Amino acid sequence: MLLLAAAVTAFTATVPLLRGFFDLRVYYGTVHTWAHHGGRIYDYRVPGTVYGFTYPPFAAVAMLPLALLGRTAAVVASLLVNLAALAAVLRILAGSGRRRHGWYRWALCLCLLALFEPLRDTFSFGQVNLVLLALVLADCLLLRTGRGRWAGAGTGLAAAVKLTPVLFIGLLLLAGRRRAAAVATAVAAAATALAAWADPAASRFYWTEALWDTGRVGRLDYVSNQSLRGVLARLGETGRPLWASAVLLTLCVWAWRARRAAAAGDWPAAFALTGIAACLVSPITWVHHLVWLLPSFAVLVRAGRPRIAGALYAVLCTSVVWLWAGDASGLDGFLGANAYVWVSLGLLLGLPAGQPRAVRPPLARSASATAPAPSPVSPATTAAGDQSESSSEAGAPAAATGAADGSVREGGRSPSSEPTGSTCPAAAKPQSSSARASSYTVNPPSA
């Protein structure tokens, strides 16, 4: 294990071209410009680039503590927050079964996760997706364990920071959890109102202009965009009707499967399907956004399909899409440049959902099989014993269903020096957004 850990550490430290905490630089520069220099949230650009803040205004409010930190401290804080979020995600996905996994299995799991490209990119960019995933999965835990009083609060908070988690509110509605959906909506609305109070002009600009301008985020056809719209853009199909049709079909499949999973009480699968669908229907899903697929691997392992989980995990580790970073034309480009989309579609269609999560424990079976034959001289005592044993066996599955989804085992390969690149160098501006600044530009200080 020490040898494996050393090999993983050497690989991640030397082979990949790391991201230099690029997204964290965006957050840090935006907050400092806004808080200390009177600048506007959506005017800031990282010096020498056209990249700026693209999240809802509440995200900037939530990141205000960065204004108190220096650059190095901000990097350390980002790493610690992401590590804490990863620990929370793994604990929720593993459930009570985490106690059965010794240190060796957990160490192996962490080594594999260190190779998982979306996860490594999240750390290297200084991204927030892991934190949002942890917030959403906290609601999954509350619903799964029957403590749903405050279920929805995490989802609402995540949806106020970034739009991707909004689909989880739809899941709550589909599942008939109206209280949880109301809590999520109320929390998201309150957070958005707080941001509007803090900076009315920025909120007005985002919800009326920036939200609808995908050019601010990046090129739709760039190979890092592993969404349905990215596939169509690389095929030269830039019209909205075809994309809208694909989104509608995807949402119908998601609604059908997620509703069945929730009706069966299989909340981990329902949440996993929702994360997959959110990545597919989003206009832009960069590779590092695919951390939303982590719950689906836990569901596969829990369902006794580790080989399928391992094969799909391996695809997401290969960085194969970057072989077509310069030219995604032809059949090979269609298949290879969109490989992560095919993984997502396969998971949406084939993820085990709504199935029994536990069987009678072997110990209970052996107790029944080896029980002594009933004595003819004491029928009443024997009958009572049989009844007690039967009720014990009937309660075992119920106890086991509260257990784990299984530990997650994933990994990945690495990125490039560009904001959304990978091992294969990309174009000079891979996420080239519109050079047009907002309607109220200022000259931000160098970050």
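Residues numbered from 1 in each chain as written. Predicted model: local features only at pLDDT ≥ 70, side-chain atom pairs only at ≥ 80, totals over all residues. Heavy atoms only, no water.

Novice: Looking at this model, I keep getting lost on the overall build of the protein. Mind explaining?
Specialist: Scanning the protein from terminus to terminus reveals 20 helices and zero strands. Among the 447 residues that make up the protein, the fraction classed as buried is 48%. Put simply, of all contacts in the protein between residues at least 6 apart along the chain, 77% involve residues at least 24 apart. Total accessible area on the protein is roughly 19800 Å²; 65% of this is exposed by carbon and sulfur atoms. (Helix = DSSP H or I, 4+ residues; strand = E, 2+ residues; numbered from the N terminus. Buried < 20%, exposed > 50% of the residue type's maximum accessible area, 1.4 Å probe, protein only. Contact = heavy atoms within 4.5 Å. Areas by Shrake-Rupley, 256 points an atom, 1.4 Å probe, with all protein chains shown as cover.)

Novice: Just checking my understanding: could you explain the packing of helix α14 (residues 267–281) against helix α18 (residues 339–350) for this structure?
Specialist: Any two packed helices are characterised by how steeply their axes cross, that is the angle between the axes, and by the distance between the axes. It is the contact of α14 with α18, at a shortest axis distance of 9 Å, that shows an interaxial angle of 140°. Note that α14 runs across α18; the crossing there is left-handed. For the pair α14 and α18, contact is made by L273, I276, A277 and L280 and by V341, S344, L345, L347 and L348, respectively. Considering only residue class, the contact of α14 with α18 consists of eight nonpolar, one polar and no charged. (Axes fitted to C-alpha atoms, helices over the stretch in contact; angles between N-to-C directions. Left-handed = near helix turned anticlockwise from the far one by under 90°. Nonpolar A, V, L, I, M, F, W, Y, C, P; charged D, E, K, R; others polar.)

Novice: Honestly, the environment of R259 in this entry has me stumped. Any pointers?
Specialist: By secondary structure assignment, the location of R259 is in helix α13 (residues 240–263). Apart from the residues within four sequence positions on either side, R259 is in contact with L174 and W254.

Novice: I'm lost on helix α2 (residues 22–36) in this one. Help?
Specialist: Residues lying three or four places apart along an α-helix face the same way, a consequence of the helix completing one turn every 3.6 residues. End to end, α2 covers 21 Å across 15 residues, agreeing with the expected 21 Å (1.5 Å per residue, within 8%). Burial analysis of α2 places 12 of its 15 residues in the buried class, the great majority of the element. Structurally, α2 contributes buried residues whose contacts are with α3 (57–62), α4 (71–94), α6 (117–125) and α10 (178–198). In the segment just after α2, G38 is the residue with positive phi, at about 70°. (Expected span 1.5 Å × (residues − 1).)

Novice: What exactly am I supposed to notice about unusual backbone geometry here?
Specialist: The bulk of non-glycine residues show a negative phi, and the bulk of peptide bonds are trans. One non-glycine residue, S319, lies in positive phi territory at about 60°. Within the secondary structure, S319 sits in the loop between α16 (306–317) and α17 (330–336).

Novice: Hey, could you run me through the pattern of salt bridges in this one?
Specialist: Side chains carrying opposite charge are able to pair once their charged atoms draw close together. Applying the stated criterion across every chain yields a total of two salt bridges. The partner of D221 in a salt bridge is R219, and the shortest N-O contact between them spans 3.2 Å. Residue R219 is classed as partly exposed on the basis of its relative accessible area of 25%. Between R302 and D266 there is a salt bridge, with its nearest N and O atoms 2.8 Å apart. In this pair, R302 sits in helix α15 (residues 294–302) while D266 sits in the loop between α13 and α14, placing the two residues 36 residues apart along the sequence. Both residues of the pair, R302 and D266, count as buried. (Salt bridge = Lys/Arg side-chain N within 4 Å of Asp/Glu carboxyl O.)

Novice: What am I meant to see in the environment of T122 here?
Specialist: Relative to the helices and strands, T122 is located in helix α6. By relative accessible area, T122 is classed as buried at 0%. Residues T122 and L79, 43 residues apart in the sequence, show an inter-C-alpha distance of 9.7 Å. Ignoring sequence-local partners within four residues, the contact set of T122 consists of N82, Q127, L130, H288 and V291.

Novice: Help me understand the environment of F58 in this model?
Specialist: Structurally, the position occupied by F58 is in helix α3. You can call F58 buried: its relative accessible area is 10%. Between the C-alpha atom of F58 and that of A190, which follows or precedes it by 132 residues, the distance is 9.9 Å. Once you skip the residues sitting within four places of it in the chain, F58 turns out to touch L157, A160, V161, A191, L194 and A195.

Novice: How do you make sense of a nonpolar patch on the surface when you look at a structure like this?
Specialist: A cluster of nonpolar side chains, namely V76, L80 and L83, defines an oily patch on the protein surface of about 280 Å² accessible area. You can see V76 is positioned in helix α4. (Patch = residues over 30% accessible without salt bridge, like charges linked within 9 Å, V, L, I, M, F, W, Y side chains within 5 Å.)

Novice: Teacher, can you tell me more about the nonpolar core here?
Specialist: It is characteristic of soluble globular proteins that their nonpolar side chains tend to be buried jointly. With 112 residues, the main nonpolar core has F53 and L130 as its most contacted residues. A total of 11 residues in this core trace back to one element, the largest contributor, which is α14. (Core = buried A, V, L, I, M, F, W, Y, C linked by side-chain atoms within 4.5 Å.)

Novice: Explain the side chain of D199 to me, please; I cannot follow it from the model alone.
Specialist: With respect to the element layout, D199 can be found in the loop between α10 and α11 (200–208). The buried charged residue D199 lacks any salt bridge partner; its closest oppositely charged side chain belongs to R40, at an N-O distance of 5.4 Å. Within polar-contact distance, the side chain of D199 engages the side chain of W34 at 3.0 Å. Residues contacting D199, with those up to four places away along its chain left out, are W34 and I41. (Lys, Arg positive; Asp, Glu negative; His and termini not counted. Polar contact = N/O pair within 3.5 Å; in protein donor to acceptor, adjacent residues only side chain to side chain.)

Novice: Where do I start with the packing of α14 against α15 in this structure?
Specialist: Two elements in contact, α14 and α15, have axes separated by 8 Å at closest approach and are oriented at 140°. By the angle between their axes, α14 is oblique relative to α15. Note that α14 runs across α15; the crossing there is left-handed. Across the interface between the two elements, P268, A269, A272 and I276 from α14 touch P295, S296, V299 and R302 from α15. Among the residues forming the contact of α14 with α15, the class breakdown is six nonpolar, one polar and one charged. (Parallel < 35°, antiparallel > 145°, perpendicular 65-115°, else oblique.)

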